[in-house]
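Commentary on secondary and tertiary structure
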Amino acid sequence: MQLCRFWRPDHGPCIGLVRDGMVYDLSKVDPEHCGSFSVLLSASDLVERVGLNATWVDTQGGWRLADLDISPDLHKPHLLAPITKQEVWGAGVTYGRSREARMEESSGGGSFYDKVYRAERPELCFKAMPGRVVGPNAPIRVRVDSKWTVPEPELTLVISASGTIVGFTIGNDVSARDVESENPLYLPQAKIYKGSCAIGPVVTLAHTISDPYRMEIRLAVRDGAGVRFEGSTNLSRMKRRFEDLVSYLFRDLDFPHGVFLLTGTGIVPPDDFTLQHGDVVEITVPEIGTLRNSVW
Ligand code: DO4
Ligand code: MG
């Protein structure tokens, strides 16, 4: 079972129930209990609420998911980032590939990456306020002072206010590697800027995925001439367990509207690759879908 957030020109933002490639307006059936992601994620019974109301959605009046997966246009129904009031955090160096790439690129601080990869406490960084998150088909960016920027395709946990992982979506932790590699203390500038975080296209409810550590993540970057980079990894290569990341995130922090956690990248393009204006980045997790963003 999947949920999405989408724009209806006649109603504004709505919560959609995705079933068999169709999207039905769940928020219309029960606005009080399913009206927004913050209502759903602050409740302890999201699965029951969705399940109960799923019976009542207007199956005559749905939209094809494929028809909503278009560039944002106020006059047309389209997908929005599936987030409302939640902060976005990111875990780092959770795959051996990320540790190696960062140790190589870092001038002087390389051993920190090895230490954090091995340590019990994970690296967790703030990534974005919800209002800065870019949804499906909206543009991501290269920051003005970066000449080496990469997409970081990351499985993203959708976590309720009580700390339960209720769903999975896809996140792109777009990062300026040149800024980060100059000095690890520049990490917030490498990671947090306009258009540096994309999330979507939908949320797959956690209880519908039997083994999330078997999911595959694929990345493709295309320009007008074809594929410029592609790669893939599997969640089985991730060093950390989701529950450990969540328990550190909730240690002495609360998230009354729930929170999104990007779980780190295991795909790192070669050092001569940088995102450029006109590229299209596609991140696919078969159990979730494809998050597609152009580069501005
Ligand atoms: O340590 C820097 C950030 C790491 C990161 O974003 C990742 O591994 O995905
Ligand atoms: Mg990352």
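Just so it is clear, the model here is predicted, and its values are computed rather than measured.

Calculation criteria
- Residues numbered from 1 in each chain as written.
- Chains lettered and ligands numbered in written order.
- Predicted model: local features only at pLDDT ≥ 70, side-chain atom pairs only at ≥ 80, totals over all residues.
- Heavy atoms only, no water.
- Buried < 20%, exposed > 50% of the residue type's maximum accessible area, 1.4 Å probe, protein only.
- Helix = DSSP H or I, 4+ residues; strand = E, 2+ residues; numbered from the N terminus.
- Arc of directions from axis to C-beta.
- Contact = heavy atoms within 4.5 Å.
- Pairing = 2+ DSSP bridges.
- Axes fitted to C-alpha atoms, helices over the stretch in contact; angles between N-to-C directions.
- Parallel < 35°, antiparallel > 145°, perpendicular 65-115°, else oblique.
- Left-handed = near helix turned anticlockwise from the far one by under 90°.
- Core = buried A, V, L, I, M, F, W, Y, C linked by side-chain atoms within 4.5 Å.

**A closer look at helix α10 (residues 242-249)**
Residues F242, L245, V246, Y248 and L249 constitute the buried set of α10. Buried positions in α10, seen along its axis, are confined to an arc of 165° and lie on one side of it. Of the surrounding secondary structure, the elements contacted by the buried residues of α10 are β6 (87-92), β7 (123-128), β9 (153-159), β10 (165-173) and β15 (259-262).

**Section: the sheet that holds strand β17 (residues 289-294)**
Sheet architecture is open: four strands sit in the order β14-β13-β16-β17, paired in antiparallel fashion. Only two strands of the sheet have a single neighbouring strand rather than two, namely β14 (226-234) and β17. Adjacent strand axes in the sheet meet at a mean angle of 15°, parallel and antiparallel pairs treated alike.

**Side note on the packing of helix α6 (residues 96-105) against helix α7 (residues 110-118)**
One way to put it is that α6 packs onto α7 with a least axis distance of 8 Å and a crossing angle of 165°. The angle between α6 and α7 falls in the class roughly antiparallel. Two packed elements cross with a definite hand, and for α6 against α7 that hand is left-handed. Contacts between α6 and α7 involve G96, R99, R102 and M103 from the former and G110, Y113, D114, Y117 and R118 from the latter.

**Describing the nonpolar core**
Counting 54 residues, the largest nonpolar core has L155, L157, I159, F168, F242 and L275 as its most contacted members. Per element, the largest residue contribution to this core is four residues, and it comes from α10. Those residues in contact with L157, other than ones at most four positions away along the chain, are I165, G167, F168, F242, V246, V259, F260, L261 and T263. Counting 26 residues, the second largest nonpolar core, distinct from the first, contains L26, V158, I199 and V203.

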